[in-house]
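# A closer look at the structure
Each chain, written out:
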Amino acid sequence: MPTEIEKRDTYYESIIKQGYSRRDFLKFSTYMAAFMGLESTMVGQIAESLEKTPRIPIIWEHYQECTCCSESFIRSNHPIVADIILDKISLDYTLTLMAASGHQAEAAKKAVMDKYKGEYILCVEGSIPLGDDGNYCCIAGKSAKETFLEAAAGAKAIIAWGSCASNGCVQAAKPNPTGATPIHKIVKNKPIIRVPGCPPIGEVMAGVIMHVVAFGRLPQLDRLGRPKAFYGKRVHDTCYRRPYYDAGLFAETFDDQNSKNGYCLYKVGCKGPMTYNSCGTIKWNNGVSYPIQSGHGCIGCSEENFWDNGPFYERTTKIPGFAVESNADTVGKVAAGVIVGGIALHAVGATISKRKELSDNIKRAKSNEKNIDL
Amino acid sequence: METRNFKRVFVWELPVRIFHWVNVLCVIVLSLSGFLIANPPALISSAEATNLHSFGIVRFIHFAAAYIFFFNMILRVYWSFVGNKFASWRAFWPFSKKTWSNFKHVLKIDVLLFNEKVHDEKNISIGHNSVAILSYLLLFIVALVSVFTGFALYADTANWWLPKLFAWVTPLFGGDFMVRSIHHIAMWVFILFTLVHVYLVFYHDWLEGRGEVSSMFGGYKFVQEDRLRKAAKAEEAEEKSNKYK
C-alpha cells in the first residue's frame, strides 16, 4: 500500500505530455483492443481506463537472457507502447533502457519497491540460475534469485517474458549447467502470467501489459498460465498454409518445387502443429510476416523444452530417456524385429522341447483318423 | 491310443467377439492412418489445394476410428459387469493366489518351454491365462493412454464437449510435443503386443488343440470332459445312451 498520497499522471496524461495527439491515443487504444481480441465496443473502455488510471509502476528485471524480449517489445507496432509503457514514464527499473546506473539505479528500484509495495508489476526477462548458489547470474553484487525474490515479494503480479522466464529456454536445455529455472518454479504465491516465445511477439507483450494496466486485472489464462487470447490456438490451426496440409501437399525439401509453391512445411520439421502462439494471426514486424510465411518451419520456440524437443528440420517423435538420434519409430522397428526373432526362436524351441507332447497328440489324432466310420 | 474327450464350451460371448474384431479393425486403421499422419507420403499432384482434401480425409478416418475405438472400449468395460465369467472383470483381477500360481505355471511351461512331470489339466485356463490377463490389463492402460493423449491433442480443434474433457492432459506434460510422443509410443506398444498376441494364440492352438484361434470366431473352446462336473457328465452320458439306443 502507498504510504503517501501523491498525484501520479494517468496514462493519457503521460501520452499527451509526450507530444502525441488524442487521435494517436485513440488509435493506440484501438490497436490494443484488437490485440487483446476484444470487440470494437471495448475500445472506449480501454481509452477511458487509460484516461483515468494513474500509471502503474513497472520493474523490469533481466536475468539469464539475451534481451530479445525487450527488443521485440520496443518494436511493437504502435510507438506509444515503447514510449509510454517502457520509456521513462512507466518503467522504473530496467537494465537495458533506464538512464540511471550503478548505486543510483539500485536505490531507485528500492525506492519504488518500498513506495509502491503491493502495487507494482514485476516483469521478468530471463531464467534464474539456481545451481551453485545462484552464482551464475549476479547483478549489483546479489544473485538473480535473491534480487528476484526481493522484487517479487512486493509485486502485485509478475509477468514472465519470453521462453527463458516461462520455460527456461536454451540455458535450461540439457544438461542445464547453471540450473536455469523458470520463475513460476521459484515463486508460487503471486499471480504469474507466462508469455513464452523466443521472443514473444511485441504486440502480444503490449496486449498483455495493457490488459493489466487498463483493466487492473490479469487476462484470462490457460492451464499453463498463458493468456488465452494469444496462446489459445496452435500456429498450425491459424496458419495460412493449412489448406495445403489438409490437401496433403507438402514441401519435401527446402529447395523443391513444392516449397516454391508455398506448400505446407510439415515434412521439413515445422513445429506449428504442436506450438501455441499468435504468429499465424498477429504475425511479426508489424504484421509483415512470420517464419512459415517466410518459408521456414516453426521451431516451436514458445513451447516447453523447445531446445530438447528434437531436430528443427525433421518430424521425429523423441523418446524420453533415449539418445537424441533415436526416435520412436526406430526404437519401435528394432523392438518389432527383436520380438519377431524371439517368436521364431520360441517356435523352434517349443517344437524341440514339446516334441513328446506334440508327437503324442499327432499319434492319437492319427489313430482317430483311422477309426473314422465312413 | 485315443484322444482325450473334449466338450465344447461357450467361452466368448457375441459382444466379446464383436468387441475383439472391432478393436482389431480400429487398431489397424488407427495405426496405419497414424503412421500417415506422423510421416505423410509425398503426394505428386498438380491439383490446387482447393480441390484436394486427401490428408484431411486421412485425419478424418483417424478421428472417426478413434471414436469407434473409444466407445467400443466402453462397451467392453460395460460387458465386464454383465457378461459371463470369462468376460467378467473378476477374470481380470490380478491379485489372487490362483492368478499368481497360474502365472508361474504359464511362465514356466509356455514361455520358458519346460515340460511338466505330471500334467495337471487344471493348469490349462479355459478363458484367459494369467499372463494373458496381465498383458490385457497392460494393454488396457496403454489404450487409456492413447485415448487420453489422443483426445488431448484433438481437444483444441474439437467442437464437441467429449474431447474437450481431456484438455487438461496436455499441461501435465508441458505441451503437445510430449503428448504427441507418448501417443506415438503407445501405438508402437499396440503393434508389439499384436505380434506377441497373435503368435501365442497360434502357439496354444497348435500345442493344446482346444480351438484357441477359432474361439474368437465361434465363441467355443474345447475343454476336457473330466473337468466338467460329475452330475453334468452323468446326465450327458444318459442322454447319449438314450440317443443311441
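The structure we're discussing is the one just above.
So, a few notes on the structure that sits alongside this text. (Residues numbered from 1 in each chain as written. Chains lettered and ligands numbered in written order. Predicted model: local features only at pLDDT ≥ 70, side-chain atom pairs only at ≥ 80, totals over all residues. Heavy atoms only, no water.)

## Topic: the pattern of salt bridges
As a reminder, the rule being used: Note on definitions: salt bridges are taken to be side-chain nitrogens of Lys or Arg within 4 Å of carboxyl oxygens of Asp or Glu. Think of it this way: any DSSP run of H or I at least four residues long counts as a helix, any run of E at least two long counts as a strand, and we number them from the N terminus. Burial classes: relative accessible area under 20% of the type maximum marks a residue as buried, over 50% as exposed, and values in between as partly exposed (1.4 Å probe, protein chains only).
Counted according to the given criterion, the structure contains 20 salt bridges over all chains. Here R234(A) and D156(B) are joined by a salt bridge, their closest N and O atoms 4.0 Å apart. One end of the pair, R234(A), is in the loop between helix 10 (228–231) and helix 11 (242–247); the other, D156(B), is in the loop between helix 4 (130–155) and helix 5 (161–164), on a second chain. Looking at R234(A), the relative accessible area reads 6%, which means it is buried. With relative accessibility at 38%, the residue D156(B) sits in the partly exposed group. Residues participating in the shared-partner salt-bridge network are R234(A), D237(A), R242(A), D246(A), D156(B) and D176(B).

## Here's the deal with the layout of surface pockets
Residue and element names in this part refer to chain B. Note the threshold: Cavity: a set of points on a 1 Å grid over the protein atoms alone where a 1.4 Å probe fits but cannot get out. Pocket: an open set with protein on both sides within 12 Å along at least five of seven lines, its lining residues, like those of a cavity, having an atom within 4 Å of a point. Grid points are joined across faces, edges and corners, and a volume is the space filled by probe spheres set on the points.
As a volume, the second largest pocket reaches approximately 950 Å³. Contributing to the lining of the second largest pocket are 27 residues, with K85, F86, K98, I126 and R227 lying nearest its centre. Among the elements of the structure, helix 3 (97–111) and helix 4 are those that each provide at least two residues to the lining of the second largest pocket. The biggest single contributor to the lining of the second largest pocket is helix 3, with four residues.

## Some points on the nonpolar core
All names here are of chain A. Formally: For the purposes of this section, nonpolar cores are sets of buried Ala, Val, Leu, Ile, Met, Phe, Trp, Tyr and Cys residues that join through side-chain atoms within 4.5 Å. What fixes the domain bounds is an automatic or database domain assignment. We call two residues contacting when some pair of their heavy atoms lies within 4.5 Å.
Formed by 53 residues in total, the largest nonpolar core has its most connected members in I159 and W161. Of all the elements, helix 9 (residues 202–215) adds the most residues to this core, at 10 residues. Shared between two domains, this core takes at least three residues from each, and those domains are domain 1 (11–231) and domain 2 (233–315). With residues near it in sequence (within four places) discarded, I159 still touches I121, L122, C123, V124, I193, V195, V208 and I209. Ranked by size, the runner-up nonpolar core spans 25 residues in total, among them L122, V124, F148 and I186.

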